[in-house]
Amino acid sequence: LAHRGIETHVVDPNPWALADTADPDIVEWVESDWREMGVQLHYNTTLTEFLGSGGKVTGVRTDQGEIDCDLVVVATHKTPHTVLAKAAGLEIGTTGGIVVGGDMSTSAPDVWAAGDCVEVVHGATRVPLQGLTGSHAYNQGKVAGFNAGSGAGGKQYSPVYVPWGMLAANRMIGGVSLGETLAASLGLPH
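Rules of the game
- Throughout, a residue's number is its position along its own chain's written sequence, starting from 1.
- Owing to the predicted nature of the model, reporting of local features is limited to residues with pLDDT of at least 70; listing and counting of side-chain atom pairs is limited to 80 or more, with chain, interface and lining totals taken over all residues.
- Water and hydrogen atoms play no part in the side-chain values, which are based on all heavy atoms of the structure.
- Two strands form a pair only when DSSP identifies at least two bridges running between them.
- A helix here means a DSSP run of H or I that spans at least four residues, while a strand means a run of E at least two residues long, and both kinds are numbered starting from the N terminus.
- Only one rule defines a salt bridge in this text: a Lys or Arg side-chain nitrogen within 4 Å of an Asp or Glu carboxyl oxygen.
- Exposure classes here rest on a 1.4 Å probe applied to the protein chains alone. A residue is buried below 20% of its type maximum, exposed above 50%, and partly exposed in between.
- A score between 0 and 100, pLDDT records how confident the predictor is in each residue.
- We define the nonpolar core as a collection of buried residues of types Ala, Val, Leu, Ile, Met, Phe, Trp, Tyr and Cys that are connected through side-chain atoms lying within 4.5 Å of one another.
- Residue contacts follow a heavy-atom distance rule, with two residues in contact if any of their heavy atoms lie within 4.5 Å.

Draft legend 1. Examining the pairing of strand E5 (residues 65-68) more closely. Note: strand E4 (residues 56-62) against E5, four bridges, orientation antiparallel. Paired with Gly59 across the bridge in E5 is Asp68. Joining the antiparallel neighbours E4 and E5 is a turn of two residues.

Next comes the structure, spelled out in structure tokens:
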């Protein structure tokens, strides 16, 4: 939007953009470009309400105040809906997703799960990840369906490495979901 000259605000509950994926020193370059483009950054800020009437948005309310606008683009992190899994006694992991084995089996016998509701391990760090793309969910579903149908557990879903890249402001950035923040928390040299 900023590239088109539209007044743009970024509202993010995290301390920097892409905080779940990228380290602050990578995003610093993007934020610098955004500021040069006139983007107003609202970090550590939570969106609480859309404002408007008659089906037309006039602004948003945040925990830091209101922002007038006539267009809102929502980009959210996927949150697993695991109420039924919890009620059934399935093991839920640190990401909030259902813990599954490589065959997509859950902690309950004869129950498999796949997609946004599960957590899988990162191939390099073995850290649980949740909320991957649709292509991951599709492949998980194939493994879970085969194993549930055969009862043999013969198919395995491999750990993921999750490389990513994107155009952000005027820069191409990317990574492998293992930055300094995660490496430091795992005690890995970087």
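Once you've had a look at it, read on.
Draft legend 2. Quick peek at the sheet that holds strand E7 (residues 118-121). If you walk across this open sheet you meet the three strands as E6-E7-E8, and the pairing is mixed. Two strands in the sheet have a free side with no partner beyond their single neighbour: strand E6 (98-99) and strand E8 (128-130). In the sheet, E6 pairs with E7 via two bridges, with the strands oriented parallel. Paired with Ile98 across the two strands is Val118, which belongs to E7.

Draft legend 3. Spatial organisation of the pattern of salt bridges. A full pass over the atoms with the stated rule returns three salt bridges. Ionic pairing is found between Arg171 and Asp33, a salt bridge with its closest N-O pair at 2.9 Å. In this pair, Arg171 is assigned in strand E10 (residues 171-175) and Asp33 in helix H1 (residues 24-36), connecting sequence segments 138 residues apart. Accessibility expressed as a relative area gives 29% for Arg171, which makes it partly exposed. One salt bridge in this structure joins Glu49 and Arg61, with 2.4 Å as the shortest N-O distance. With Glu49 in strand E3 (residues 47-53) and Arg61 in strand E4, this pair connects stretches of sequence that are 12 residues apart. If you follow the salt bridges from partner to partner, you end up with Glu49, Arg61 and Glu66 in one network.

Draft legend 4. Seen up close, unusual backbone geometry. With a phi angle near 55 degrees, Asn44 is a residue other than glycine that sits in the positive phi range. Relative to the helices and strands, Asn44 is located in the loop between strand E2 (40-43) and E3. Relative accessible area serves as the criterion here: at 47%, Asn44 is assigned to the partly exposed category.

Draft legend 5. Structural context of the confidence of the model for the protein chain. Averaged over all residues, the pLDDT of the protein chain equals 90, while 98% of them reach at least 70. Model confidence for the protein chain, summarised as mean pLDDT per element, is weakest for helix H4 (residues 180-186) at 76 and strongest for E5 at 98.

Draft legend 6. Summary view of the nonpolar core. With 15 residues, the main nonpolar core has Ile98, Val100, Met104, Val118, Val120 and Val160 as its most contacted residues. Secondary-structure elements contributing two or more residues to this core are E7 and helix H3 (134-150). When sequence neighbours within four positions are dropped, the list of residues in contact with Val100 reads Ser105, Thr106, Ala113, Val118, Glu119 and Val120.

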